[in-house]
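Next come the chains, spelled out residue by residue.
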Amino acid sequence: MVLAKRIIPCLDVKAGRTVKGVNFENLRDAGDIVELAGRYSEEGADELVFLDITASFDHRGTRLEWVERVARQVRIPFTVGGGISSERDVEALLKKGADKVSVNSSVLKDPGLIDRLAAAFGKQCVVVAVDARRDGEEWRVYSHGGWVATHRELFSWVKEAEERGAGEILFTSMDHDGTHQGFACEATGRVADLVNIPVIASGGAGCPDDFYEALTRGKADAVLAAGVFHFGQIRIPELKCFLKGKGIVVR
């Protein structure tokens, strides 16, 4: 059976507003979080990702009131990330309407948290987000919203994350983020070859062909994008029609 590919809008949230930048910098306002979430749910997005992008840097958890407001507006699976550092944090988010959680900085510091979350809530609940950029011949992993370089290398880290219980990998190329020049298909494809769990490609969407390339050459199971959806450059219904026309099975 061929599994359908997923189209996932992402809300990067700062101070209660959706923002979008380039290479994780120069953020600009992209709209109200509740309004955008409702629109994407109605337009046929397969899932929604909500990331409180300053939570880890500010040493706090995700703002629960923001999550609850968005959850009321959507009828699609809803993943939440930002500042998650314990089972208690995840339990609170699930109670507010999240279906899955995205963990990044906390599991780079304490990889065993992946094991504990998978044991407590099931692998299907645990998305390990990986922000990385090229560093010579390697892909270096970053934490705290892309501000802090770590000693971790992309490909060994995604494999460890899977072994510890991650249910999905959300890979964002920081070099491609916000550039509208296409996804890091070669690196995404290598990640997909290394793991036996779904891989979500993120960073670089500019046109429908970029999504097609990520799902074919990049071997991604899902494609995540933000700015092209927020600012109306690409509409989800038209994107799905385009992909179906190219032979891609989408939901």
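Looking up the chain in an unreviewed UniProt entry gives the name Imidazole glycerol phosphate synthase subunit HisF, with the organism given as Butyricimonas virosa. In the Subunit (unreviewed entry) part of its UniProt record, the chain is described as follows: "Heterodimer of HisH and HisF."

## Some thoughts on the nonpolar core
Judged by nonpolar contacts, the single largest core of 70 residues is most densely connected at Phe50, Val128, Leu154, Phe211 and Phe229. Judged by nonpolar contacts, the second largest core, of eleven residues, contains Ile8, Val127, Leu224 and Ala226.

## A closer look at the UniProt feature "active site" (unreviewed entry) in the chain
Summarizing the sequence annotation, UniProt attributes the feature "active site" (unreviewed entry) to Asp12 and Asp131 in the numbering used throughout. Maximum C-alpha separation among the annotated residues is 13.7 Å over a sequence range of 120 residues, consistent with a single clustered spot. With respect to the secondary-structure elements, Asp131 resides in strand S7 (residues 126-135). Within the structure, Asp131 has its side chain in polar contact with the side chain of Asn104 (distance 3.1 Å).

## Some thoughts on the environment of Gly31
Structurally, the position occupied by Gly31 is in strand S3 (residues 25-32). Take Gly31: its relative accessible area is 15%, and that puts it in the buried class. Along the sequence, Gly31 and Val13 sit 18 residues apart, while their C-alpha atoms lie 9.8 Å from each other.

## Points about the pairing of strand S1 (residues 6-14)
Most of S1 is tucked away: eight of the nine residues are buried. Looking at chain direction, S1 and strand S12 (residues 222-225) are connected through four bridges and run parallel. By the bridge assignment, Arg6 is partnered in S12 with Ala222. Here S1 pairs with strand S4 (residues 48-52) via four bridges, running parallel. When the bridges of S4 are listed, Cys10 appears paired with Val49.

Conventions we followed
Residues numbered from 1 in each chain as written. Predicted model: local features only at pLDDT ≥ 70, side-chain atom pairs only at ≥ 80, totals over all residues. Heavy atoms only, no water. UniProt positions renumbered as here; feature names shortened; annotations may be inferred. Core = buried A, V, L, I, M, F, W, Y, C linked by side-chain atoms within 4.5 Å. Buried < 20%, exposed > 50% of the residue type's maximum accessible area, 1.4 Å probe, protein only. Helix = DSSP H or I, 4+ residues; strand = E, 2+ residues; numbered from the N terminus. Polar contact = N/O pair within 3.5 Å; in protein donor to acceptor, adjacent residues only side chain to side chain. Pairing = 2+ DSSP bridges.

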